[in-house]
Amino acid sequence: MEKTFSKHTVAKTHYVPYATDGAKENSGGSTAIMIMGAILATIFAASTAYSGMKAGLTVAAGIPGSIIGSGMVGVFAKKKGIFGKNLLQGMSSGGESIASGMIYVLPAIIIIGGKVNFFAGIAVGALAVLFAVGVASLVENYLLVEENGKLMYPESTAISEALDASEAGGDSLKHMGIGFGIGGIITLLTTQVFGWVNSVMTFVGNSSYRWKISTEVNPMLAGIGFVVGLDASLTMFAGSILANFGITPLIAYFTQMAGGGAHVWNDTHMLMSQMNIDMVAGSYTKYIGAGMMLCGGIIGAIKLIPVIVTSIKKTLNARNDVGEEKNSLGVVSLLVAAIAIFIVGAFLAGNIVIAIIAGILSLVLSLLFVIVSARLAGTIGCSNAPVSGMTIASLVVMTLVFALMGWTANAHNEILLLFGVFIVTAISVGGAYTQTQKVNYLVGGRRSEMMKYFMIAALIGVVVVGTTVILAPQLAIKSANPPFGLPQANLIATLTTGILSGNLPWIMIIVGIIIAIVCWMLGLSIMTVALGFYLPISTTSIILVGALLKLLIEKLTKDKALRETRLSSGVSLSSGLIAGGSIIGLIGIILHVTGVLSNRVPAGFAGSNGMAVILLIIMAATIVIPLMRIKQPARKAQKQ
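Residues numbered from 1 in each chain as written. Predicted model: local features only at pLDDT ≥ 70, side-chain atom pairs only at ≥ 80, totals over all residues. Heavy atoms only, no water.

### Quick notes on the overall build of the protein chain
Turning to step 1, where the next piece is worked out: Summing up its helical and strand segments, the protein chain has 22 helices and six strands in all.
Turning to step 2, where the next piece is worked out: Going through the 640 residues of the protein chain one by one, you find that 57% of them count as buried.
Turning to step 3, where the next piece is worked out: In the protein chain, 83% of the contacts between residues at least 6 apart in sequence involve partners at least 24 apart.
Turning to step 4, where the next piece is worked out: Accessible area for the protein chain stands at about 25900 Å²; split by element, carbon and sulfur atoms hold 66% of it. (Helix = DSSP H or I, 4+ residues; strand = E, 2+ residues; numbered from the N terminus. Buried < 20%, exposed > 50% of the residue type's maximum accessible area, 1.4 Å probe, protein only. Contact = heavy atoms within 4.5 Å. Areas by Shrake-Rupley, 256 points an atom, 1.4 Å probe, with all protein chains shown as cover.)

### Topic: a nonpolar patch on the surface
Turning to step 1, where the next piece is worked out: On the surface, Trp-506, Ile-510, Ile-514, Ile-517, Val-518, Trp-520, Met-521, Leu-522 and Leu-524 cluster together into a nonpolar patch covering about 910 Å² of accessible area.
Turning to step 2, where the next piece is worked out: Along the chain, Leu-524 falls in the loop between helix 18 (506-521) and helix 19 (526-534).
Turning to step 3, where the next piece is worked out: The class of Leu-524 is partly exposed, set by a relative accessible area of 41%. (Patch = residues over 30% accessible without salt bridge, like charges linked within 9 Å, V, L, I, M, F, W, Y side chains within 5 Å. Salt bridge = Lys/Arg side-chain N within 4 Å of Asp/Glu carboxyl O.)

### Some words on the pairing of strand 3 (residues 200-206)
Note on strand geometry: in a regular strand, side chains alternate between the two faces of the sheet.
Turning to step 1, where the next piece is worked out: Sheet topology places strand 3 next to strand 4 (residues 210-216); seven bridges connect them, and they run antiparallel. Directly across from Val-200, in strand 4, lies its bridge partner Glu-216.
Turning to step 2, where the next piece is worked out: Here strand 3 folds back onto strand 4 in antiparallel fashion, the turn holding three residues. (Pairing = 2+ DSSP bridges.)

### Topic: the packing of aromatic side chains
Turning to step 1, where the next piece is worked out: Summed over the entire model, instances satisfying the criterion amount to seven aromatic pairs.
Turning to step 2, where the next piece is worked out: Look at Phe-131 and Phe-422: their rings are 5.7 Å apart centre to centre, the planes differ by 50 degrees, and that puts the pair in the tilted class. Here Phe-131 is found in helix 5 (residues 118-146), whereas its partner Phe-422 is found in helix 14 (residues 410-443), with 291 residues between them in sequence.
Turning to step 3, where the next piece is worked out: Judged by its relative accessible area of 0%, Phe-422 is buried.
Turning to step 4, where the next piece is worked out: Measuring from ring centre to ring centre gives 5.3 Å for Tyr-253 and Phe-254, while their planes differ by 70 degrees; the resulting arrangement is edge-to-face. (Phe/Tyr/Trp six-rings, centres within 6.5 Å; stacked < 30°, edge-to-face > 60°.)

### Regarding the packing of helix 14 against helix 17 (residues 487-501)
Turning to step 1, where the next piece is worked out: Contact geometry of helix 14 with helix 17 gives a least axis separation of 11 Å together with a crossing angle of 135 degrees. On the basis of their axis angle, the class for helix 14 and helix 17 is oblique. Of the two elements, helix 14 crosses helix 17, and the hand of that crossing is right-handed. Within the contact between the two elements, helix 14 uses Asn-413, Leu-416 and Leu-417 and helix 17 uses Ile-492, Thr-496, Thr-497 and Leu-500. (Axes fitted to C-alpha atoms, helices over the stretch in contact; angles between N-to-C directions. Parallel < 35°, antiparallel > 145°, perpendicular 65-115°, else oblique. Left-handed = near helix turned anticlockwise from the far one by under 90°.)

### What about helix 19?
Turning to step 1, where the next piece is worked out: Most of helix 19 sits out of view: eight of its nine residues are buried.
Turning to step 2, where the next piece is worked out: Within the span of helix 19, buried status applies to Ile-526, Thr-528, Val-529, Ala-530, Leu-531, Gly-532, Phe-533 and Tyr-534.

### Section: the environment of Gly-330
Turning to step 1, where the next piece is worked out: Counting through the fold element by element, Gly-330 comes out in helix 11 (residues 328-349).
Turning to step 2, where the next piece is worked out: C-alpha separation for the pair Gly-330 and Met-451, spaced 121 residues apart in sequence, amounts to 8.1 Å.
Turning to step 3, where the next piece is worked out: Those residues in contact with Gly-330 that lie beyond four places of it in its chain are Gly-134, Ser-137 and Met-451.

### Regarding the packing of helix 8 (residues 219-255) against helix 20 (residues 537-556)
Turning to step 1, where the next piece is worked out: One can describe the packing of helix 8 onto helix 20 by two numbers: an axis separation of 6 Å at closest approach and a directional angle of 135 degrees. It follows from the interaxial angle that helix 8 and helix 20 lie oblique. Every pair of crossing elements has a handedness; the one defined by helix 8 and helix 20 is left-handed.
Turning to step 2, where the next piece is worked out: A class-by-class count of the residues in the contact of helix 8 with helix 20 yields 17 nonpolar, nine polar and one charged. (Nonpolar A, V, L, I, M, F, W, Y, C, P; charged D, E, K, R; others polar.)

### Side note on the side chain of Thr-494
Turning to step 1, where the next piece is worked out: With respect to the element layout, Thr-494 can be found in helix 17.
Turning to step 2, where the next piece is worked out: Taking relative accessible area as the criterion, Thr-494 reaches 16% and is therefore assigned buried.
Turning to step 3, where the next piece is worked out: Reaching out from Thr-494, the side chain makes a polar contact with the backbone oxygen of Asn-490 at a distance of 2.7 Å.
Turning to step 4, where the next piece is worked out: In contact with Thr-494, other than residues within four places in its own chain, are Tyr-287 and Leu-504. (Polar contact = N/O pair within 3.5 Å; in protein donor to acceptor, adjacent residues only side chain to side chain.)

### Structural notes on the state of the cysteines
Turning to step 1, where the next piece is worked out: Taken as a whole and assessed by the stated rule, the structure comprises zero disulfides.
Turning to step 2, where the next piece is worked out: In this structure Cys-295 is not part of a disulfide, and its nearest cysteine sulfur, from Cys-519, lies 9.1 Å away.
Turning to step 3, where the next piece is worked out: Overall, the relative accessible area of 7% leaves Cys-519 in the buried class. (Disulfide = S-S within 2.5 Å.)

### Comments concerning the pattern of salt bridges
Turning to step 1, where the next piece is worked out: Within this structure, the stated rule accounts for three salt bridges.
Turning to step 2, where the next piece is worked out: For Arg-447, the salt bridge is made with Glu-140, and the minimal N-O distance between the two is 3.3 Å. Pair noted here: Arg-447 is in helix 15 (residues 447-466) and Glu-140 is in helix 5, with a separation of 307 residues, a long-range link.
Turning to step 3, where the next piece is worked out: Taking the relative accessible area as the measure of exposure, Arg-447 reaches 17% and is therefore buried.
Turning to step 4, where the next piece is worked out: Classification of Glu-140 as buried rests on a relative accessible area of 1%.
Turning to step 5, where the next piece is worked out: The salt bridge involving Lys-212 is made with Asp-278; its shortest N-O contact spans 3.2 Å. With Lys-212 in strand 4 and Asp-278 in helix 9 (residues 277-303), this residue pair connects regions lying 66 residues apart in the sequence.

Here it is in structure tokens:
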């Protein structure tokens, strides 16, 4: 395909190439592209939901979607070229964006003891997709065209470059396949599926200074660590060190001194002096982490006020280009969602007043934060967007309104959280859609076509993520090392329930807020430290291992060009680790929940810390060796 270079610069990268030989007339959508896109949307929605519920972290699907999509188009629809590949990366992002939003709030309904109706969850999620795409479509011409070169859209630029360099997709696909195999095999061996070997090493101190450290050999989490890098991983692990070796031992020291009349605040049958280290962490330390995340969300929302004002002001003053495509689908989607949310809300709440007030709040908050999310995609990208912070800020506002109205029963909280599902899904979709359309603009595809394909993929994602309700027994487990960490969902459930009931351990919350303020004064990422503080150290430690493996590759590779090649391949391999570990792990959970597989605990050496150490060494070796075997690539001829 003949290519030229566009006259639009993006960020500080090279000019972005796109096809100019009339390929639009012959390439793009087709039944084959739709089928492949639906498959990718399903895979990325499922794997993102699993990794997000497990560790509170997600990885954007645009780049891996473009790599996998390039390979699939090359095999099954070669004539569709770069436009077909572009649609596949868009559908990958569409499916993933649903999971990156819904998993923050949907499990919270289960945590508070409620029941999620599958069809209600799908209806709310689908309306959020229509609303977000509709709102984003009103501002996309301004954000993508008029602000081109000012709003950099870093991830969009990277995705478009990956599409342009898709001839290198063979190596990328190979390493992604290696990662998928590593992640899948190790996950199959552990208690997540067959339970043949132990994957968690644990060490506990039982003296007056009580502590606990553990590491789960989890390829999915190691892959996330490789992708996010050392800075974020180390900051998160620092939060875990503070929680597990600072705050928890201190609280445990004083609980041992408690008298016979001192009971745990949330369990009147348990004496404080009888609490083990896990109970101390669950009843006290985690609420300090909740206070940290709450403060981080509020500070993040305050920082966004100028962005909100600027976005709305510039959007209102924006002009449409003469040649801009008609936005009929976007406008219709927005109107349908804005009307239907009140109808669905009335049906779910059984109360017209609640439906009207909650519906208005949801639409206003979603409108504001969808615009913010769309603009943030242009500055920091979707992977770094503070979706949870915007969601927490929105839900605190709604919860306070519910409390003032006297709607404080658990049933009211369920309704509140369902509207929260609408808000968080809209925020996540708004950023992902705008980022995808920026790629489409850089490539030169049709905007209306991408909107249709993205919307279909997002609706597929809603159905996939909605099926997580069958995991309710696993989501409800609360232990030292639960199947799912659910940090954001637990925080949201804690805040809404506590505000409505007036029963929160405010001392712990306030201590967390103070620690968060100290982190902010020191220039640290509050939410990153808070995630580490809140999550089990078994999770954050293996994420750090993944980052350290990346550092090892960097230090062992002296040649700059070769280092970049190995690290780029490492990202592909890590994407495979995440996909393989999460998808096989999700299948394993489903097989256990449905009774197809019974829970099996490995015994003897297979169940020891030594086995977990061996498994860790094997995993590290299978990640590092394929990357170190990559040799210096031959110099490519320059484009004519």
